[in-house]
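Results of the structural survey
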Amino acid sequence: MSTKRQYEGNLHGKMTIGAAAADSYQGPYRVLTEEPIFPPDQFHIEDPFIWKTTEGYELLAKDMEGTLCGERHGGIHAVSPDGLKWQLSETPKAYSRTVLWDDGTEQTMGNLERPFLLFHDGKPTHLFAAVADGPRGFRNAANTWNMVIPLRP
């Protein structure tokens, strides 16, 4: 098996995501499958955040084209019994780039990506994401920061 992974097509093509395992976080890692775990013709995603549950695994990721969750660069939610075979959850849209501020105003971020969840007693309580306020993302942003969004119970 090959251990080298690369973008499909060219440097700016669709990224493929594989799976590897090790007995320790220090490695060595072994490739679990040569095929991408998300077929690039169906899933164009980026920045996966995966966690283990009692039923298997769950994932949040950035939907690059909006074909999975209905919003370009919005977030998807997927589930897997084994970490290798994935399907979108019944409600695939996990988050939006449009945020509601404490004062009641809404703002669509240029970027809201690299999702990460904070867990308390096994339940997610907050979503962390890298954000940019520019209309075209990080290239056109006046401000960038790491946003923390409390989740509804």
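Since the structure is predicted, the reported quantities are computational estimates derived from the model, not experimental observations. (Residues numbered from 1 in each chain as written. Predicted model: local features only at pLDDT ≥ 70, side-chain atom pairs only at ≥ 80, totals over all residues. Heavy atoms only, no water.)

**Examining the nonpolar core**
Nonpolar side chains tend to gather and get buried jointly when the protein is soluble and globular. Of all hydrophobic cores here, the largest spans 13 residues; its most connected members are Ile37, Phe38, Ile45, Leu59, Ile76 and Trp86. Elements supplying a minimum of two residues to this core: strand E4 (56–63) and strand E5 (75–80). When sequence neighbours within four positions are dropped, the list of residues in contact with Ile76 reads Ile45, Leu59, Leu60, Ala61, Asp63, Leu68, Cys69, Leu88, Pro92 and Ala94. Grouped together as the second largest cluster of nonpolar side chains are 12 residues, Tyr95, Val99, Leu117 and Ala129 included. (Core = buried A, V, L, I, M, F, W, Y, C linked by side-chain atoms within 4.5 Å. Buried < 20%, exposed > 50% of the residue type's maximum accessible area, 1.4 Å probe, protein only. Helix = DSSP H or I, 4+ residues; strand = E, 2+ residues; numbered from the N terminus. Contact = heavy atoms within 4.5 Å.)

**Here's the deal with the sheet that holds strand E9 (residues 111–120)**
With antiparallel pairing, the three strands of this open sheet are ordered in space as E9-E10-E11. Both outer strands of the open sheet, E9 and strand E11 (144–150), are each paired with one neighbouring strand and no more. With direction set aside, neighbouring strand axes in the sheet form an average angle of 25°. Here strand E10 (residues 123–132) runs beside E11; their pairing, made up of seven bridges, is antiparallel. In the sheet register, Ala132 faces E11, and the bridge partner there is Thr144. (Pairing = 2+ DSSP bridges. Axes fitted to C-alpha atoms, helices over the stretch in contact; angles between N-to-C directions.)

**Some thoughts on unusual backbone geometry**
In this chain, Gly27 is followed by Pro28 through a cis amide linkage whose omega measures 5°. Here Pro28 is to be found in the loop between strand E1 (20–21) and strand E2 (30–31). The phi angle at Asp47 is positive, at roughly 60°, despite the residue not being glycine. The phi dihedral of His73 is positive, around 70°, even though this residue is not glycine. By secondary structure assignment, the location of His73 is in the loop between E4 and E5.

**Here we look at the sheet that holds strand E3 (residues 45–53)**
Taken together, four strands build an open sheet; the order of strands is E3-E4-E5-E6 and the sheet is antiparallel. Both outer strands of the open sheet, E3 and strand E6 (87–95), are each paired with one neighbouring strand and no more. Taking each pair of neighbouring strands and ignoring which way they run, the sheet shows an average axis angle of 25°. Across six bridges, the pairing between E4 and E5 is antiparallel. Following the sheet pairing, Leu59 is matched in E5 by Ala78.

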